[in-house]
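The lines below spell out each chain.
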Amino acid sequence: MPSRKFADGEVVMGRWPGSVLYYEVQVTSYDDVAHLYTVKYKDGTELALKESDIRSQSSFKHRKSQSSSSSPSRRSSSRSRSRSRSPGRPAKGRRRSTSQSREHKDDKKKTIQETSLALTVFILFKPSENNTKRYNGEPESTEKNDTSCIVLEQKLKPDLEIKRVLEQYSLRSRKDERKKEDIYSEKKTFVTVKTIEKVPSKTKELEFGGRIGTFMLIFLLPATVFYLLLMCKQDDPSLMNFPPLPALESLWETRVFGIFLLWFFLQAVFYLLPIGKVVEGLPLSNGRKLQYRINGFYAFVLTAAAIGILLYFQFELHYLYDHFMQFAVSAAAFSLALSIYLYVRSLKAPEEELAPGGNSGYFIYDFFTGHELNPRIGSFDLKYFCELRPGLIGWVVINLAMLLAEMKIHNLSMPSLSMILVNSFQLLYVVDALWNEEAILTTMDITHDGFGFMLAFGDLVWVPFVYSLQAFYLVGHPNAISWPAAAAITVLNCIGYYIFRSANSQKNNFRRNPADPKLANLKFIPTATGKGLLVTGWWGFVRHPNYLGDIIMALAWSLPCGFNHILPYFYVIYFICLLVHREARDEHHCKQKYGLAWERYCQRVPYRIFPYIY
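Every chain's residues receive numbers from 1 upward, in the order its sequence appears when written. Side-chain atom pairs in this predicted model are given and counted only at pLDDT of 80 or more, local residue features only at pLDDT of at least 70, and totals for whole chains, interfaces and linings cover all residues. Note that water and hydrogens are dropped before the side-chain values are worked out from all heavy atoms of the structure.

Caption draft 1: A look at the overall build of the chain. Helix and strand definitions here come from DSSP, where helices need a minimum of 4 consecutive H or I residues and strands a minimum of 2 consecutive E residues; each element is numbered from the N-terminal end. Along the backbone of the chain there are 20 helices and 11 strands. Per-residue burial over the chain gives 44% buried out of 614 residues. A separation of at least 24 residues holds for 73% of the contacts in the chain among residues at least 6 apart in sequence. Here the Shrake-Rupley method, with its probe set to 1.4 Å, supplies the accessible areas, and only the displayed protein chains count as covering residues. In the structure as shown, the chain presents an accessible area of about 32,900 Å², 60% of it carried by carbon and sulfur atoms. A simple rule labels every residue: compare its accessible area, found with a 1.4 Å probe on the protein chains alone, to the largest value its type can have, and call it buried under 20%, exposed over 50%, or partly exposed in between. Any pair of residues with heavy atoms lying within 4.5 Å of one another is described as a contacting pair.

Caption draft 2: Here's a closer look at the UniProt feature "transmembrane region" (unreviewed entry) in the chain. UniProt positions are given in the numbering used here, feature names are shortened, and annotations may be inferred rather than shown by experiment. In the numbering used here, UniProt assigns the "transmembrane region" (unreviewed entry) feature to residues 208–230, 250–273, 294–313, 325–344, 455–475, 481–500, 521–542 and 562–581. Between the end C-alpha atoms of residues 294–313 the distance is 31 Å, and the span holds 85% helix and 5% strand. This span, residues 521–542, is 0% helix and 27% strand, and a straight line between its end C-alpha atoms measures 18 Å.

Caption draft 3: Region of the structure containing the packing of helix α8 (residues 296–312) against helix α12 (residues 382–409). Note on definitions: angles span 0 to 180 degrees between N-to-C directions of axes, and those axes are lines fitted to C-alpha atoms, for helices only across the stretch in contact. It is at 11 Å that the axes of α8 and α12 come closest, and there the two elements cross at 30°. On the basis of their axis angle, the class for α8 and α12 is roughly parallel. Considering only the axes of α8 and α12, their crossing is right-handed. In this structure, α8 contributes Gly296, Ala299, Phe300, Thr303, Ile307 and Leu311 to the contact, and α12 contributes Arg389, Ile393, Val396, Val397, Leu400 and Leu404. In this count, Pro and Cys sit with the nonpolar residues alongside Ala, Val, Leu, Ile, Met, Phe, Trp and Tyr, while Asp, Glu, Lys and Arg are called charged and the others, Gly among them, polar. Partitioning the contact of α8 with α12 into residue classes produces 9 nonpolar, 2 polar and 1 charged. Oblique is the label for any angle not under 35 degrees, not over 145, and not in the 65 to 115 range, which are roughly parallel, roughly antiparallel and roughly perpendicular in turn. Left-handed describes a crossing whose near helix is turned anticlockwise from the far helix by less than a right angle; the clockwise case is right-handed.

Caption draft 4: Broad picture of the packing of aromatic side chains. Centres within 6.5 Å are what make two rings of Phe, Tyr or Trp a pair, Trp counting through its six-membered ring; a difference in plane orientation under 30 degrees is then read as stacked, over 60 as edge-to-face, and the rest as tilted. Considering all chains together, one arrives at 40 aromatic pairs under this definition. Each ring, one from Phe570 and one from Tyr574, has its centre 6.3 Å from the other, and the planes form 10°; the classification is stacked. In this pair, Phe570 and Tyr574 both sit in helix α19 (residues 570–594), 4 residues apart, roughly one turn of the helix. Connected via pairs of aromatic rings, a cluster forms that spans Phe260, Phe264, Phe265, Tyr271, Tyr292, Phe334, Phe380, Tyr384 and Phe385. One residue, Arg211, lies across the ring of Tyr362, its end atom 4.0 Å from the ring centre. Placement of a charge over a ring requires the Lys NZ or Arg CZ to be within 6 Å of the ring centre, with the centre-to-atom vector within 35 degrees of the ring normal. Across the ring face of Tyr292, the terminal group of Arg376 is positioned such that the distance to the ring centre comes to 4.9 Å.

Caption draft 5: Representation of the pairing of strand β4 (residues 46–49). Pairing geometry for strand β3 (residues 36–41) and β4, over 4 bridges, is antiparallel. Its bridge partner being in β4, Tyr37 is matched across the sheet by Leu49. Joining the antiparallel neighbours β3 and β4 is a turn of 4 residues, in which Gly44 adopts a positive phi near 100°. Whether two strands pair comes down to DSSP finding at least two bridges between them.

Caption draft 6: Broad picture of the sheet that holds strand β1 (residues 11–15). A sheet is described by the order of its strands in space; here 5 strands give the open sequence β4-β3-β2-β1-β5, paired in antiparallel fashion. In this open sheet, the two edge strands, each paired with only one partner strand, are β4 and β5 (54–55). Note that β1 and strand β2 (residues 22–31) share 5 bridges and pair antiparallel. What sits directly across from Gly14, in β2, is Tyr23.

Caption draft 7: Quick look at the confidence of the model for the chain. On a scale of 0 to 100, pLDDT captures the predictor's confidence in every residue. For the chain, mean pLDDT is 77; residues scoring 70 or higher make up 76% of the total. Element-level mean pLDDT values for the chain span from 41 in helix α2 (residues 72–83) up to 96 in helix α10 (residues 324–346). Note that pLDDT drops below 50 for residues 67–105; the model gives that stretch 20 contacts with residues more than four away or on any other chain. In the model, residues 108–199 has pLDDT below 50 throughout and makes 107 contacts with residues more than four positions away in sequence or in other chains.

Caption draft 8: Local environment of the pattern of salt bridges. A pairing counts as a salt bridge when a side-chain nitrogen of Lys or Arg comes within 4 Å of a carboxyl oxygen of Asp or Glu. Summed over the entire model, instances satisfying the criterion amount to 7 salt bridges. Arg15 is the partner of Asp53 in a salt bridge, and the nearest nitrogen-oxygen pair spans 3.2 Å. Within this pair, whereas Asp53 is found in the loop between β4 and β5, its partner Arg15 is found in strand β1, the two being separated by 38 residues in sequence. Taking relative accessible area as the criterion, Asp53 reaches 15% and is therefore assigned buried. Glu438 is paired through a salt bridge with Lys277; the nearest N and O atoms lie 3.0 Å apart. Of the two residues, Glu438 sits in the loop between α13 (417–435) and α14 (444–447) while Lys277 sits in strand β6 (residues 277–280), which places them 161 residues apart along the sequence.

Caption draft 9: The packing of helix α6 (residues 210–233) against α10, seen in detail. For the pair α6 and α10, interaxial distance at closest approach is 10 Å and the crossing angle is 175°. Considering the angle they form, α6 stands roughly antiparallel to α10. The segment α6 lies against α10, with Phe226, Leu229 and Leu230 engaging Phe324, Met325, Ala328, Val329 and Ala332. Considered class by class, the residues forming the contact of α6 with α10 number 8 nonpolar, no polar and no charged.

Caption draft 10: Here's a closer look at the side chain of Gln267. Along the polypeptide, Gln267 turns up in helix α7 (residues 254–272). Residues contacting Gln267, with those up to four places away along its chain left out, are Ala299, Thr303, Phe385, Arg389, Pro390 and Ile393.

Caption draft 11: The arrangement of unusual backbone geometry in detail. Positive phi, normally seen in glycine, also occurs at Phe208, with a value near 55°. The topology assignment puts Phe208 in the loop between α5 (176–198) and α6.

Dropping the structure here:
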């Protein structure tokens, strides 16, 4: 077995992957099987390098001394000899020197192009320097004579010197056209390399069962919604008691569809109002940042005012309950039409605007997952608007309609305690999402997933009509609970909400500004992307603490419905399955993105969602 060349703790020069530049690194470990050194850069990045990509610092110092020992007098004497050539030399000699000069200029142009390419690679691949930790944990200081800068300077100086000498002593004067060609060649080299890096690749790893799975989900998701709503209308909503199918003509009502369209466009008007701050999202693949207006909470307040006015004029809001199935069908039809429009317009979208997870080249898969990442009509972002506005605010309105329907059907002077708990818990969840609207800009729905049938149906149909399942169930199947039971359920919901909100706040604040003094107590593992993986706080407890809080809250929302039927707990079962799927997707995505740093994080935080269980 070959012996290792560099010892642990030794400071050497490591080549940055994909570039020709070397940076000062420290050897941390060595893999005898793979023959790879794990090295740590000054910014905290850890990478595995081959022995051929590592050099000792002495070799760089030797090279520097060699370059500095070149005597200017020798170059000047050489120039003197070339200028003192006798005019009486044969023409053949002059032609040969002219040919050599041309070769020299060709070599010079090639050298300049290689230098341009080296600079391009340096710009595209140089490691991040915004982390403030060194090997010993102390703040990193800025060193103007960094070894990497010296190497780059040594590489550029000879090329610039060659350029100056040739321009001054060339046997034939350079033409302007030739200069333009050289400049164009350099720019073309830069643009070509940069473009190759920016163009997104095709989606190779398909989710949701690939083409067959997504094709089935297009029909299975609407069928699941209609099945759940029909079951809630049953006197005995047990799983074995399959509900009779209604007549097709009873599922559609033009007036209901008109009300849904009015609701959708009313929320669009609220979205366009020039109120609330404008913030930038995370950088896209081309480096551009989109702007978003944060006014979801204002839209909620305006919606509440509009609903209050309708109730003041004695508008019967329980109309929603009486035509609940027709509203669900209208929302499903609208989401399907929206998905078709989104896919058709995505066919003309530039490559850099396509979604990383919806660019497979398969029609069904891309239609389901979303082909375009951020479809916009002017400044109106369709995905961002649908993510929070019509469905999430509509969920609260539906819950209120179920509360009023319960009071009317059962002749109650006030709603039941179970209905109050369900409405209160879910109202808190929606208000929290709208109040912290800016946090959604860092989620995978915005940064990774395209806007297709999956998100359109999920935002406009699944969220308002499935998430309100507990309130809809309680209208036809009331359940009386005691005050002590209500207090225990409230405490459970508060625990889940606290975990959910504090975990998300830690993550979002750290992503936005890792140098915030308020986050000084948080420890993290640096990665090659320049980002850090939190290993303290909630993110040091489990890998996805926000999912843990979600599941606890979902259980608290279902407990007021009692234990007579499993139907109200469908949401809990669905939520667990959804979050386990998301967690698996996040694990795969993070492993590809962070590499060795993610493996270290998984060793540090072994549990995924449930501590000591999963």
